[in-house]
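# Coordinate analysis (summary)
Each chain, letter by letter, is given below.
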Amino acid sequence: MDNQAKANRSVIFLVIVAALGYFVDIYDLVLFSVVRVKSFTDIGVSAEHMRTEGEYVINMQMFGLLLGGLLWGIIGDKFGRIKVLFGSILMYSLANMANGFATDVHTYAIIRFVAGIGLAGELGAGITLVTETMDKEKRGYGTMVVAGIGLLGAAAAATIGKHFTWQTSYFVGGGMGLLLLLLRVGTFESGMFKHAEQNSEVSKGNFFMLFSNRKRFLKYLACICLGLPLWFIVGILVTQSPEIGKALGAKDLLNAGTGIMYTYFGIAIGDVVCGFLAQVLKSRKKTVLIFQSLSVITVIVYLTSTGLTENSFILICLFMGFAVGYWATFVTIAAEQFGTNIRSTVTTTAPNFVRGALIPITFVFEFFVHRYNIVSAGFIVMGIVTVIAMISVSYLKESFNKDLNYLES
């Protein structure tokens, strides 16, 4: 009984540390969107270049996430999930502290690229550890807690970004990450990884395994594509809310930082509800399809709200965030689709490839902005990413209560 109680406490501690890590991760991930206007004004970016230079910097960050997802995913499968948790947070914490000293756009972008590489490892390693450590009937609750607490990091970023200088905001993010390293000393490695590590005949962390088999590749592609609507909403529709609000004839100047904060409030609430609903329905697929349908409705409301006020914008952001609050469930689905020897690779690369997909999505969005207008572009691109996401989730097999202690050959 004492051993069982000790094991339960260890698992709870692991979930808390993973949640706090994701809190810091999200804080640093969205901070640029929060302080974009303030920091760009200080370093001399003109108002007419504010949006395009912002796309350049955030795309550099997303490119870093793409590369980092691959790097940390392979490290996680070859050398262990714990090493990723330590290495990634050290990299992005130091990068964010360096960001406070940026004085021009190109330096800013390069540092965000390095930070992106570091940020890429946090969520995948945390979710992989939680899913491999908890009972299969309860692991959905574990990932729900990680996301629910973690996503509140966006609220912290918006609050600190509003009340302090943008430099201080970056310093705070870096400092929180370094403090979290102390907590991680008490974490433990996944038993499934240790078992797989002893099998010298099985390839571990082999990214190319995902492309060597057609069925496996399509499954991996589907895992990535089902998360596309979330980052389109956060990375473009909310981040560019000042410009979208102007096109809608908003009565107040919409603040992207405020929008990000309330969107992530919604995502945090949505993640908890989504995780709980998946446990009740015993189906992650049905739950994600419900939330994807809700996200379409909320975006239609947003893009048809002429004469927006600040209060109505906040309410819309809250509901848009709630509707795409299936992020933790999406990452859990990805973790449950593959064997232990490439699970970290998949779970780390999939969410970061979704984030990195903001780069081509931005190009498509800009194409339609120039061809039509910013509001019409929002409708068109949301339609495209939602159709792709719904097809993707329909393609995947239900993974609720699936035994994860197996290897990919």
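Further up the page is the structure itself.
Below or above, wherever it landed, is the structure these notes cover. No experiment lies behind these values; they were computed from the predicted model shown. (Residues numbered from 1 in each chain as written. Predicted model: local features only at pLDDT ≥ 70, side-chain atom pairs only at ≥ 80, totals over all residues. Heavy atoms only, no water.)

### Observations concerning the overall build of the protein chain
What counts, and what does not: Each helix is a run of H or I in the DSSP string that is no shorter than four residues. Each strand is a run of E no shorter than two, and both are numbered from the N terminus. C-alpha atoms define the radius of gyration, and 2.2 Å times the number of residues to the power 0.38 defines the globule rule. Relative accessibility under 20% of the residue-type maximum defines a buried residue, over 50% an exposed one, and the middle range a partly exposed one, all with a 1.4 Å probe and only protein chains included. Surface exposure here means Shrake-Rupley accessible area, sampled with a 1.4 Å probe, where a residue is shielded only by the protein chains that are shown. Positive charges come from Lys and Arg alone, negative charges from Asp and Glu alone, with His and the N- and C-terminal ends not counted. Think of each charge as sitting on NZ of Lys, CZ of Arg, CG of Asp or CD of Glu.
Summing up its helical and strand segments, the protein chain has 19 helices and zero strands in all. For 409 residues, the compact-globule formula gives about 22 Å, and the C-alpha radius of gyration of the protein chain, at 20 Å, lands near that figure. The principal-axis extent of the C-alpha atoms belonging to the protein chain is close to 60 × 45 × 40 Å. For the protein chain, the residues scored as buried account for 59% of the 409 residues in total. As displayed, the protein chain offers around 15,800 Å² of accessible surface, 68% of which is attributable to carbon and sulfur atoms. Within the protein chain, one finds 31 positive and 25 negative side-chain charges whose respective centroids are separated by 7 Å.

### Structural notes on the nonpolar core
To keep things clear, this is the line we draw: For this analysis, a nonpolar core means a set of buried residues of the types Ala, Val, Leu, Ile, Met, Phe, Trp, Tyr and Cys, connected via side-chain atoms within 4.5 Å. By definition, residues are in contact when any of their heavy atoms lie within 4.5 Å.
Tyr108, Trp231, Phe232, Tyr264, Tyr302 and Trp327 are the most contacted members of the largest nonpolar core, which has 121 residues in total. Sort the elements by how many residues they give to this core and helix 1 (residues 2-42) lands first, with 15 residues. Excluding anything up to four places from it in sequence, tyrosine 302 contacts Leu237, Ser241, Ile244, Leu248, Leu308, Phe313, Ile316 and Met320.

### Some remarks on the packing of aromatic side chains
This is how the line gets drawn: Each Phe, Tyr or Trp ring, with Trp reduced to its six-membered ring, pairs with another whose centre is within 6.5 Å; inter-plane angles below 30 degrees give stacked pairs, above 60 give edge-to-face pairs, and intermediate values give tilted ones.
For the structure shown, the criterion picks out 23 aromatic pairs. Judged by centre distance (5.5 Å) and plane angle (40 degrees), the rings of phenylalanine 211 and phenylalanine 217 are tilted. Classification of phenylalanine 217 as partly exposed rests on a relative accessible area of 28%. Both rings, one in tryptophan 327 and one in phenylalanine 330, keep their centres 4.9 Å apart while their planes meet at 45 degrees; by these two values the pair is tilted. Taken together, the positions of tryptophan 327 and phenylalanine 330, both in helix 16 (residues 327-336) and three residues apart, correspond to about one turn of that helix. For the pair tryptophan 327 and phenylalanine 330, one class covers both residues: buried. Ring-pair connections join several aromatic residues into one group, and the members of that group are Phe207, Phe208, Phe211, Phe217, Tyr220, Phe338 and Phe353.

### Some details on unusual backbone geometry
Its identity is not glycine, yet lysine 282 carries a phi of approximately 55 degrees, on the positive side. Using a relative accessible area of 53% as the deciding quantity, one classes lysine 282 as exposed.

### Brief notes about helix 7 (residues 153-163)
Most of helix 7 is tucked away: eight of the 11 residues are buried. Residues of helix 7 that are buried: Gly153, Ala154, Ala155, Ala156, Ala157, Ala158, Ile160 and Gly161.

### Examining the packing of helix 2 (residues 50-79) against helix 3 (residues 81-99)
Here is the rule: Note on method: axes are straight lines fitted to C-alpha atoms, helices fitted across the in-contact stretch only, with angles between N-to-C directions ranging 0 to 180 degrees. Under the scheme applied here, ten amino acids are nonpolar (Ala, Val, Leu, Ile, Met, Phe, Trp, Tyr, Cys and Pro), four are charged (Asp, Glu, Lys and Arg), and all others, including Gly, are polar.
It is at 7 Å that the axes of helix 2 and helix 3 come closest, and there the two elements cross at 145 degrees. Where helix 2 abuts helix 3, its residues Trp72, Ile75, Gly76, Asp77 and Phe79 lie against Arg81, Lys83, Val84, Gly87, Ser88 and Met91. Residue classes in the contact of helix 2 with helix 3 are distributed as five nonpolar, three polar and three charged.

### Some words on empty space enclosed by the protein
Our working rule: Note on definitions: the grid is 1 Å and covers protein atoms alone; a cavity is a set of points where a 1.4 Å probe fits but cannot get out; a pocket is an open set with protein on both sides within 12 Å along at least five of seven lines; lining residues have an atom within 4 Å of a point. Grid points are joined across faces, edges and corners, and a volume is the space filled by probe spheres set on the points.
Tallied over the entire structure, the rule returns five cavities of 30 Å³ or more. Considering the residues around the largest cavity, the lining is formed by Phe32, Arg36, Arg51, Gly54, Glu55, Ile58, Gly235, Ile236, Thr239, Gln240 and Thr362. Listing elements by their share of the lining of the largest cavity, those giving two or more residues are helix 1, helix 2 and helix 11 (228-238). Considering each element in turn, the lining of the largest cavity owes the most residues, four residues, to helix 2.

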